[in-house]
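Observations on chain architecture
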Amino acid sequence: MTAPLTPPHQPPHDDPWQTPPGGGSPYPGAEAEKGPDMRTELRQAVVVMVAVAVLGLALGPLWLWLSPRVPLISDETAVFLKDTEGEEAIAADGTFLLLALAFGVVSAVLVFVFRRHGGIPLVVGLALGGLLGAVLAWRVGVWFGPTSDVVAHARAVGKGVTFDAPIELNAKGALLAWPIAAMVVHLALTALFGPRDPEPRWDDWGPVAPGPAPDDTAPGGQHRG
């Protein structure tokens, strides 16, 4: 019988694909690209949600300022629209929609710039913050706008005097414009400019120890033909 070609005390050659000790990644540089843990992501998502929602305090007055007014007039017995064919109410909804879309784009860009490694919790926080911000903007605009007590307002201004109707958001679906725009823009930015998984670099592994030579002898010490 022939002696084994590989001494029994020789350790097996290193496997370049096996996980390094300590549970690290087998790819060089992967630890540097690793994002925050789940607890950190949740904390960042809450911060983003609150910060984005606070932006609604700016959207509300801006909507109130840019929206056209709906003129009303009273004859002391009833209140009427001064211009029955006016489209000011529709324009108010459109103004809110355009402003909400713009705020969604801006908030998504800011979140992506400052939290480039964010995951799903960050996107959820961005969407919830946009929805809360839109609702807050709607209520702030109504609160600081003309009074909702139209009868008392008509009595205060007198007969035949034109006054503004309370600002309203008739198309409640416009409240979704902010979160939808924020998610779409953030997804596009992540796909185009987000961090990528590192590629394995073979030169970082160093030389690979050769494996044992094949045994070309048959049992009994005779060479195979």
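Preceding this section is the structure that the text describes.
Our subject in this report is the structure included herewith. (Residues numbered from 1 in each chain as written. Predicted model: local features only at pLDDT ≥ 70, side-chain atom pairs only at ≥ 80, totals over all residues. Heavy atoms only, no water.)

1. Brief notes about the nonpolar core
Judged by nonpolar contacts, the single largest core of 24 residues is most densely connected at W63, F96, L126, L169 and W178. Only helix 1 (38–54), helix 2 (56–66), helix 3 (88–114), helix 4 (120–144) and helix 6 (177–193) provide two or more residues apiece to this core. For this core, the element with the highest residue contribution is helix 3, accounting for 7 residues. Not counting the four nearest positions on each side in its chain, W178 is found in contact with V52, L55, G56, L59, A100, F103, G104, S107, G130, G133 and A134. (Core = buried A, V, L, I, M, F, W, Y, C linked by side-chain atoms within 4.5 Å. Buried < 20%, exposed > 50% of the residue type's maximum accessible area, 1.4 Å probe, protein only. Helix = DSSP H or I, 4+ residues; strand = E, 2+ residues; numbered from the N terminus. Contact = heavy atoms within 4.5 Å.)

2. With respect to helix 6
Look at helix 6: 24 Å from first C-alpha to last across 17 residues, which is about the 24 Å you get at 1.5 Å a residue. Here helix 6 has its buried residues at A177, W178, P179, A181, A182, H186 and L189. Turning to helix 6, the residues buried within the fold contact helix 1, helix 2, helix 3 and helix 4. (Expected span 1.5 Å × (residues − 1).)

3. Brief notes about the environment of F96
Along the chain, F96 turns up in helix 3. When its relative accessible area of 0% is taken as the criterion, F96 is described as buried. Counting along the chain gives 73 residues from F96 to L169, while the straight-line C-alpha distance between them is 8.0 Å. If near-sequence neighbours (up to four positions away) are discounted, F96 is found in contact with W63, A134, A137, W138, L169, A174 and L175.

4. Considerations on a nonpolar patch on the surface
A cluster of nonpolar side chains, V105, V106, V109, L110, V113 and F114, forms an exposed patch at the surface whose accessible area comes to about 520 Å². Relative to the helices and strands, V106 is located in helix 3. (Patch = residues over 30% accessible without salt bridge, like charges linked within 9 Å, V, L, I, M, F, W, Y side chains within 5 Å. Areas by Shrake-Rupley, 256 points an atom, 1.4 Å probe, with all protein chains shown as cover. Salt bridge = Lys/Arg side-chain N within 4 Å of Asp/Glu carboxyl O.)

5. Quick word on helix 1
Between its first and last C-alpha, helix 1 extends 24 Å over 17 residues, near the 24 Å set by a 1.5 Å rise per residue. Buried within helix 1 we find T40, E41, Q44, A45, V48, V52 and A53. Contacts from the buried residues of helix 1 go to helix 2, helix 3, helix 4 and helix 6.

6. What to know about the packing of helix 2 against helix 3
For the pair helix 2 and helix 3, the least separation of the axes is 10 Å and the interaxial angle reads 145 degrees. Note that helix 2 runs across helix 3; the crossing there is right-handed. Contacts from A58, L59, L62, W63 and L66 of helix 2 reach helix 3 at A92, T95, F96, L99, A100 and F103. Looking at the contact of helix 2 with helix 3 residue by residue, the classes come out as 10 nonpolar, 1 polar and no charged. (Axes fitted to C-alpha atoms, helices over the stretch in contact; angles between N-to-C directions. Left-handed = near helix turned anticlockwise from the far one by under 90°. Nonpolar A, V, L, I, M, F, W, Y, C, P; charged D, E, K, R; others polar.)

7. Regarding the environment of G60
Relative to the assigned elements, G60 resides in helix 2. G60 sits 83 residues away from W143 along the chain, and the two C-alpha atoms are 9.2 Å apart. If near-sequence neighbours (up to four positions away) are discounted, G60 is found in contact with A137, V140 and G141.

8. Things to note about the packing of aromatic side chains
Using the criterion set out here, one finds 2 aromatic pairs in the structure. Between W63 and F96, the ring centres sit 5.1 Å apart and the planes meet at 80 degrees, which makes this aromatic pair edge-to-face. Residue W63 is found in helix 2, and its partner F96 is found in helix 3; the two are separated by 33 residues along the sequence. Note on W63: relative accessible area 0%, which makes it buried. The ring of W138 carries R139 above its face, with NZ or CZ at 4.8 Å from the centroid. (Phe/Tyr/Trp six-rings, centres within 6.5 Å; stacked < 30°, edge-to-face > 60°. Lys NZ or Arg CZ within 6 Å of the ring centre and 35° of its normal.)

9. Details of the environment of A165
Its location among the elements puts A165 in the loop between strand 3 (163–164) and helix 6. Since its relative accessible area comes to 11%, A165 is described here as buried. With residues up to four places along the chain from it excluded, the contact list for A165 reads V70, L72 and P146.

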